[in-house]
Amino acid sequence: MQFLNTEEKPRRAAVINDLSGAGKCSLTVMLPVLSALGCETSVLPTAVLSTHGGFKDPVYRDLTDDMLKTAQHWKREGAEFEGICSGYLSSREQIDTVREIFDLFTDEHSRPLRLVDPVMGDNGTLYGIFNKETAQSMTRLCEKADILTPNMTEAYCLLHEPFKDGPYDEKELKRVMKALSDFGPKIVILTGAYTDGKTIGAACYDREKDETALVLSDRVPGKYHGTGDIFAAVMLGAMLNGKTVKEACAAAVRYTAKCIEETRKACGDNTIWGVKFEKCLPFLMHDVLTENDK
């Protein structure tokens with residue numbers, strides 16, 4: 001086995017998400033994961049919190065007014081990106097600002113790969129800030145995405161359909177992904193997809209090839225904060241390293257599952273502080289950045 005030379009062509013990524021001081025999620029997991037995959041990563045915080053939202057009453061500082069100014073400063077300094085990823089956005093104003101930022105870094109010379117993780121809810125319930133207006137704004141942002149990574153709750157919300165609990169058959173997963181792709185994304189990944197009670201993973205759809213795939217791993221009981229952010233970071237980083245949609249999705253499922261397994265072993269049910277992703281970074285680097293010797 002040999003490592004790919006990630007320095008031959010620098011891979012630069014920008015991540016737009018919140019920054020939680022304690023409790024691993026959002027920027028504090030996405031930055032190290034993308035860095036481990038050889039991506040020079042710039043971060044644009046949408047807010048700063050004392051902890052992630054799984055804790056009670058975190059200290060919160062909104063940075064909406066600084067988001068576009070930060071991106072414009074980057075642009076003036078000549079920043080260019082091969083990939084841009086957005087995560088949790090707390091208002092219609094933030095969602096609309098990300099649309100502007102996508103356009104800001106797109107011209108006749110550069111068109112970064114855009115990944116949108118439309119974080120709005122989970123387990124059939126939308127987070128408290130989301131309503132019809134904010135969901136419609138998120139739909140407009142999804143129209144600008146190349147890669148879309150909703151969970152099943154978010155997928156049905158974007159389609160204005162009532163939530164359907166799983167397990168899901170492959171026909172339904174394909175229908176949902178194709179319908180979301182009609183908004184504009186070339187690639188749709190459904191996270192948390194499953195066809196039985198023993199496994200869980202992701203379904204992926206490549207519109208240009210009209211190909212679907214389902215990648216599953218053993219289900220581990222418990223709630224694990226930050227895994228959606230980790231999945232999105234691996235997906236973007238793997239594709240910037242030349243992986244196909246299916247290869248990137250499979251790598252993201254493997255790494256996320258590995259992080260969950262290690263966390264379960266170490267912490268049992270006490271998972272609120274986030275997954276043990278650091279211990280698993282060597283696994284990720286070997287998985288994505290090595291190739292068989294010719």
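Let me sum up the structure you'll find in this document. (Residues numbered from 1 in each chain as written. Predicted model: local features only at pLDDT ≥ 70, side-chain atom pairs only at ≥ 80, totals over all residues. Heavy atoms only, no water.)

### A short note on the pairing of strand E5 (residues 83-86)
The test is simple: Accessibility here uses a 1.4 Å probe with only protein chains present; expressed as a share of the type maximum, an area under 20% marks a residue as buried, one over 50% as exposed, and anything in between as partly exposed. Only DSSP runs of H or I covering at least 4 residues are called helices, and only runs of E covering at least 2 are called strands; the numbering of each starts at the N terminus. The pairing criterion for strands is at least two bridges between them, as found by DSSP. By convention, orient the strands away from the viewer: a clockwise path from the first strand over the helix to the second makes the crossover right-handed.
The two faces of E5 match: Gly83 and Cys85 on one face and Ile84 and Ser86 on the other face are all buried. As defined by bridge partners, strand E2 (residues 11-22) adjoins E5 across 4 bridges and the pair is classed as parallel. Considered in E5, the bridge of Ile16 is made with Ser86. Two elements, E5 and strand E6 (residues 113-116), share 4 bridges in a ladder whose sense is parallel. Looking at E6, one finds that Ile84 is bridged to Arg114. The handedness of the E5 to E6 crossover, carried by helix H3 (residues 92-104), is right-handed.

### A look at the packing of aromatic side chains
The cut-off we apply is this: Put simply, two rings from Phe, Tyr or Trp (the six-membered ring, in Trp's case) pair if the centres are within 6.5 Å, and we call them stacked under 30 degrees between planes, edge-to-face over 60, tilted for the rest.
Applying the stated criterion across every chain, the model contains 5 aromatic pairs. Aromatic pair Phe55 and Trp273: ring centres 4.7 Å apart, planes at 55 degrees, arrangement tilted. Of this pair, Phe55 sits in the loop between strand E3 (39-51) and strand E4 (60-62) while Trp273 is found in the loop between helix H8 (245-267) and helix H9 (281-289), placing the two residues 218 residues apart along the sequence. Residue classification places Trp273 among the partly exposed positions, given a relative accessible area of 46%. For the pair Tyr156 and Phe163, a centre-to-centre distance of 6.2 Å together with 85 degrees between the ring planes defines the contact as edge-to-face. A relative accessible area of 32% places Phe163 in the partly exposed class. Following the ring pairs from residue to residue traces out a cluster consisting of Trp74, Phe81 and Phe105.

### Some thoughts on the pairing of strand E12 (residues 211-218)
Side-chain direction in a regular strand flips from residue to residue, so the side chains alternate between the two faces of the sheet. One ladder, built from 8 bridges, connects strand E11 (residues 199-206) with E12; its direction is antiparallel. Bridge pairing links Gly201 to Leu216 in E12. Two successive antiparallel strands, E11 and E12, enclose a turn made up of 4 residues, where Asp210 displays a positive phi of approximately 50 degrees.

### Looking at the side chain of His52
The test is simple: N or O atoms closer than or at 3.5 Å make up a polar contact, with two conditions inside protein: a donor-capable atom paired with an acceptor-capable one, and, for residues adjacent in sequence, both atoms drawn from side chains. Only heavy atoms enter the contact rule, under which two residues are in contact if any of them lie within 4.5 Å.
In this fold, His52 is placed in the loop between E3 and E4. A distance of 2.8 Å separates the side chain of His52 from the backbone nitrogen of Gly54, its partner in a polar contact. Reaching out from His52, the side chain makes a polar contact with the backbone oxygen of Ile272 at a distance of 2.7 Å. Residue contacts for His52: discarding those within four places in its chain leaves Ser20, Ala22, Gly23, Lys24, Cys25, Pro58, His225 and Ile272.

### Side note on the packing of H3 against helix H4 (residues 132-142)
Spelled out, the test is: Axis lines are fitted to C-alpha atoms, over the contacting stretch for helices. Their N-to-C directions set the angle, which ranges from 0 to 180 degrees. Small angles under 35 degrees read as roughly parallel and large ones over 145 as roughly antiparallel, with 65 to 115 read as roughly perpendicular and the rest as oblique. When residues are grouped by polarity, Ala, Val, Leu, Ile, Met, Phe, Trp, Tyr, Cys and Pro land in nonpolar, Asp, Glu, Lys and Arg in charged, and all others, Gly among them, in polar.
Direction vectors running N to C along H3 and H4 enclose 10 degrees, while the axes themselves pass 9 Å from each other. Between H3 and H4, the angle falls in the class roughly parallel. Within the contact between the two elements, H3 uses Arg92, Ile95, Asp96, Val98, Arg99 and Phe102 and H4 uses Glu133, Thr134, Ser137, Met138, Arg140 and Leu141. Class assignment of the residues belonging to the contact of H3 with H4 gives a composition of 5 nonpolar, 2 polar and 5 charged.

### Quick look at the sheet that holds strand E10 (residues 187-193)
In space, the 9 strands of this open sheet follow the order E4-E3-E2-E5-E6-E9-E10-E11-E12, with mixed pairing throughout. Pairing within the sheet leaves two strands with one partner each, and these edge strands are E4 and E12. Along the sheet, helix H6 (residues 170-181) contacts strand E9 (147-148), E10, E11 and E12; its crossing angle with E10, the most-contacted strand, is approximately 140 degrees.

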